[in-house]
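Chain by chain, the residues run as shown.
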Amino acid sequence: MNSVLNKQVAVRHLGKVGYQDAWDEQERLFADIVATKLANRNRSVELHEPTANHLLFCEHPPVYTMGTSGHESHLLIDEARLASDYGATFYKIRRGGDITYHGPGQLVGYPILDLENFFTDIHQYMRLLEEGIILTLADYGLTAGRIDGLTGVWLDFDGGTRPRKICAMGVKASRWVTMHGFALNVNTDLSYFNHIVPCGIADKAVTSLAAELGHDVPLAEVAERVRYHLGNLFAFVY
């Protein structure tokens, strides 16, 4: 663990931003944190500097991303058609998970955290991210949960007849510093999921907060609920 613990988290709302721009910003913040950790190794303990933590919220133009365990067969149309017919781009990225979609009306969260400021357990980290989304959905009267063996947050999850994913997750961690994160379908156009096998799971549906409630919900309002619940679960200082 770090000799100087910093639970302060800087929250930024990037608005609608291109996937590459958000990726570049994550990489920049990640590199800064790792550089501080490495520099601290060459300092006496009393001179150690605290490492930073960040939570970025944003919304992307239509984009499909595939993690390191993804299968290209799960992209059901070619990249040229994605661009010409649907205005979407495609990226292979260094995170866990298979293929997923990001687009307008979806709340994307990128925690770039030094877990040595909190705990060093990736499993616990993933479960707390899921719990933050579960609690957020409960604020809107929806009962959400987990399905064994499947990352993310689901409705009708406990042996129901129509389980459907509402939030996908995929993370990368190195030197206990995290990247990537979660994508919560709020007012998302779900038809874009027809072009992929979402997260490599062919036998389950995808849904959104708006589809379940019957009306749109302000993204900023949902982001504030997520921020609040993650803050309590991780003991963030804002």
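Before reading on, note that the structure itself is shown above.
Residues numbered from 1 in each chain as written. Predicted model: local features only at pLDDT ≥ 70, side-chain atom pairs only at ≥ 80, totals over all residues. Heavy atoms only, no water.

J.: Could you clarify how one ought to interpret the pairing of strand S10 (residues 177-185) in this entry?
T.: Within a regular strand, side chains alternate between the sheet's two faces. Taking burial as the measure, the 9 residues of S10 include 9 buried ones, the bulk of the element. Where strand S9 (residues 164-174) and S10 come together, 8 bridges link them in antiparallel fashion. Residue pairing across strands places Gly170 opposite Gly181, the latter belonging to S10. Count of turn residues in the S9/S10 antiparallel hairpin: 2 residues, of which Arg175 carries a positive phi of about 55°. (Buried < 20%, exposed > 50% of the residue type's maximum accessible area, 1.4 Å probe, protein only. Helix = DSSP H or I, 4+ residues; strand = E, 2+ residues; numbered from the N terminus. Pairing = 2+ DSSP bridges.)

J.: Any chance you could explain the pattern of salt bridges here in plain terms?
T.: Oppositely charged side chains can pair when the atoms bearing their charge come close. A complete count under the given rule lists 13 salt bridges for this structure. For the salt bridge of Asp32 with Arg28, the shortest nitrogen-to-oxygen distance reads 3.5 Å. Placement of the pair is Asp32 and Arg28 together in helix H1 (residues 19-41), with a separation of 4 residues, close to one helical turn. Residue Asp32 is classed as partly exposed on the basis of its relative accessible area of 43%. For the salt bridge of Arg146 with Glu131, the shortest nitrogen-to-oxygen distance reads 2.9 Å. Taken together, the residues span a long stretch of sequence, with Arg146 in strand S7 (residues 144-147) and Glu131 in helix H3 (residues 122-139) at a distance of 15 residues. Under the relative-accessibility criterion, Arg146 is labelled partly exposed at 31%. (Salt bridge = Lys/Arg side-chain N within 4 Å of Asp/Glu carboxyl O.)

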